[in-house]
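Each chain is listed here by its residues.
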Amino acid sequence: MQEKKPKVAIVHDWLVGYAGGDRVVDCMHHIFPDAPIYTLVYDRDNMPAWFRDYDIRTTYIQKLPFATKIYRSLLPWMPAAFEALDLSEYDLVLSSCSSCSKGVITRPDAVHICYCHTPTRYVWDFYYTYRANANWLVRRVMPRQMHKLRVWDKCAADRVDYFIANSHYIAQRIKKYYRRDADVIYPCVHINEEPLLPKEDFYLTVGRLTWYKRVDLAVAACTRLGKKLVVIGGGGELSKLKAMAGPTVEFLGGGLSDAEVRGYYLRAKAFLFPGEEDFGITPVEAQSAGTPVLAFGRGGACESVLDGRTGLFFHEQTVDAVAGCIRRFEAEGVACTAEQIRDHSRSFSEARFEQQLKDYCMQRYRDWQAELRACSRRGLVPGPGETTPNGGNQV
């Protein structure tokens, strides 16, 4: 077999809004501009205009009425939809996965690299929490479906040749649920290079208003302390949060432009991050604006925020803990200046991510080709993870 430039396909769970995982896919396409993007469903009107120039190919789920709105409720049908994608013409398949996209089927001599944002949360460790927060119909149906989905999800993980995790926290979870090692490449974050601004007397939180983000803790703590809090984002928790908020909490919704959001990042005295995230893009965005982060000390925030230097941690998801962290910040501050906080954020830049991911993929492709040549001489085909051992080290 002659070594050649691989024909690449990118696979992503869904493209319905430009969030952290979609930014990763965008960077993947910058690395491999000729690669088509396969995905469950694509909401053309809710993605950036430049995606219209990409070759995006959807599953048959796209043809269902309101598919881009109800896709999450179609979880039991996702495995079959991804398995139906014909990727037999590709030498290298790069999946971006937090759900089912890793389950695509590739040729025996093709290499599949999965950039894993998380093992499927509602199937594994967050199952009981998701079920408790779901409506009565979902709570009734979930137990019957989850055993089959867990079996399929583990089988899908076995099809992956190499795992990349977006943090060491996620690498540990991949090891726990899939029994696979993973290398770590931190995801891409757009670094705010606008001039730093004087900090104003308000706290900030940005993101989708869903229950697991725990924005309620930030709202309750700032209401109790009488501190101004600006909340940017929309979601199902908005009405509940408004009902519990005091007069010092301001909700701006999710319709702000990127420039407007950057302005709030630049002016905020600190960013509140009370949720447990796989990595967490927004704390890095805040730090790129020279803004300290007050974060729950679990999950990916522990890898992007330097405790005492670029932010402070609290260690319980309670209103008392968040309020105590705010008081400590106002009394002590953090050790780093705004410029030093921004310098730290540059280690998570898009350029860094693209170079590391490209180098990783091409090296793994060369490893795979070398192993295939060796196996062909022995009349064998390598299985998942049977080439160069993954050490779980950060790239």
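Going by the structure above, here's the rest.
Read on for an overview of the structure.

Quick notes on the rules
Residues numbered from 1 in each chain as written. Predicted model: local features only at pLDDT ≥ 70, side-chain atom pairs only at ≥ 80, totals over all residues. Heavy atoms only, no water. Pairing = 2+ DSSP bridges. Helix = DSSP H or I, 4+ residues; strand = E, 2+ residues; numbered from the N terminus. Axes fitted to C-alpha atoms, helices over the stretch in contact; angles between N-to-C directions. Contact = heavy atoms within 4.5 Å. 1 Å grid on protein atoms, 1.4 Å probe; cavity = no way out; pocket = protein on both sides within 12 Å on 5 of 7 lines; lining within 4 Å. Points joined across faces, edges and corners; volume = space filled by probe spheres on them. Nonpolar A, V, L, I, M, F, W, Y, C, P; charged D, E, K, R; others polar. Parallel < 35°, antiparallel > 145°, perpendicular 65-115°, else oblique. Left-handed = near helix turned anticlockwise from the far one by under 90°. Salt bridge = Lys/Arg side-chain N within 4 Å of Asp/Glu carboxyl O. Buried < 20%, exposed > 50% of the residue type's maximum accessible area, 1.4 Å probe, protein only. Phe/Tyr/Trp six-rings, centres within 6.5 Å; stacked < 30°, edge-to-face > 60°.

## Focus on the sheet that holds strand S7 (residues 182-184)
Thinking step 1. Strand order in the open sheet made by the 7 strands is S3-S2-S1-S4-S5-S6-S7, with parallel pairing throughout. Every other strand in the sheet has two partners, leaving strand S3 (56-58) and S7 as the edge strands with one partner each. Geometrically, the sheet is characterised by an average inter-axis angle of 25° between neighbouring strands, direction not taken into account.
Thinking step 2. Here strand S5 (residues 111-116) runs beside strand S6 (residues 162-165); their pairing, made up of 4 bridges, is parallel. If you follow Ile 113 over to S6, its bridge partner there is Tyr 162.
Thinking step 3. Sheet strands touched by helix H6 (residues 168-178): S5, S6 and S7. Its angle to S6, the strand with the most contacts, is close to 140°.
Thinking step 4. In the packing of helix H14 (residues 350-378) onto the sheet, contacts are made with strand S4 (92-97), S5, S6 and S7, and the angle to S6 comes to roughly 165°.

## A look at empty space enclosed by the protein
Thinking step 1. Taken as a whole and judged by the stated rule, the model has 1 cavity of 30 Å³ or more.
Thinking step 2. Reported here for the largest cavity is a volume of approximately 40 Å³.
Thinking step 3. Around the largest cavity, the lining residues are Leu 75, Cys 100, Thr 120, Val 123, Leu 149, Trp 152 and Asp 153.
Thinking step 4. Class assignment of the residues belonging to the lining of the largest cavity gives a composition of 5 nonpolar, 1 polar and 1 charged.

## What to know about the packing of helix H1 (residues 20-31) against H14
Thinking step 1. Remark: H1 packs on H14, axes separated minimally by 10 Å, with the N-to-C direction vectors making an angle of 60°. Comparing the axis directions of H1 and H14 gives the class oblique. As for how H1 packs across H14, the hand of that crossing is right-handed. Seen from H1, the contacting residues are Val 24, Cys 27, Met 28, His 30 and Ile 31; seen from H14, they are Glu 350, Phe 353, Glu 354, Leu 357 and Lys 358.

## So, the pattern of salt bridges
Thinking step 1. For the coordinates displayed, the defined rule picks out 26 salt bridges.
Thinking step 2. A salt bridge links Arg 107 to Asp 109; the nearest nitrogen and oxygen atoms lie 2.7 Å apart.
Thinking step 3. Look at Arg 107 and you get partly exposed, because its relative accessible area is 22%.
Thinking step 4. Of the charged contacts in the structure, one is a salt bridge between Glu 193 and Arg 346, with a shortest N-O distance of 2.9 Å. Pair noted here: Glu 193 is in the loop between S7 and strand S8 (203-206) and Arg 346 is in the loop between helix H13 (338-345) and H14, with a separation of 153 residues, a long-range link.
Thinking step 5. Residue Glu 193 is classed as partly exposed on the basis of its relative accessible area of 48%.
Thinking step 6. Several salt bridges converge on common partners, so that one network encompasses Glu 193, Glu 339, Asp 343 and Arg 346.

## Some remarks on the packing of aromatic side chains
The description of an aromatic ring pair rests on the distance of the ring centres and on the angle between the ring planes.
Thinking step 1. For the structure shown, the criterion picks out 18 aromatic pairs.
Thinking step 2. When the ring of Phe 271 is compared with that of Phe 273, the centres are 6.5 Å apart and the planes differ by 25°; the resulting orientation is stacked.
Thinking step 3. On the accessibility criterion, Phe 271 (1% relative accessible area) is buried.
Thinking step 4. For Phe 273, a relative accessible area of 7% puts it in the buried group.
Thinking step 5. A centroid spacing of 6.1 Å and a plane angle of 35° characterise the contact between Phe 296 and Phe 314, whose relative ring orientation is tilted.

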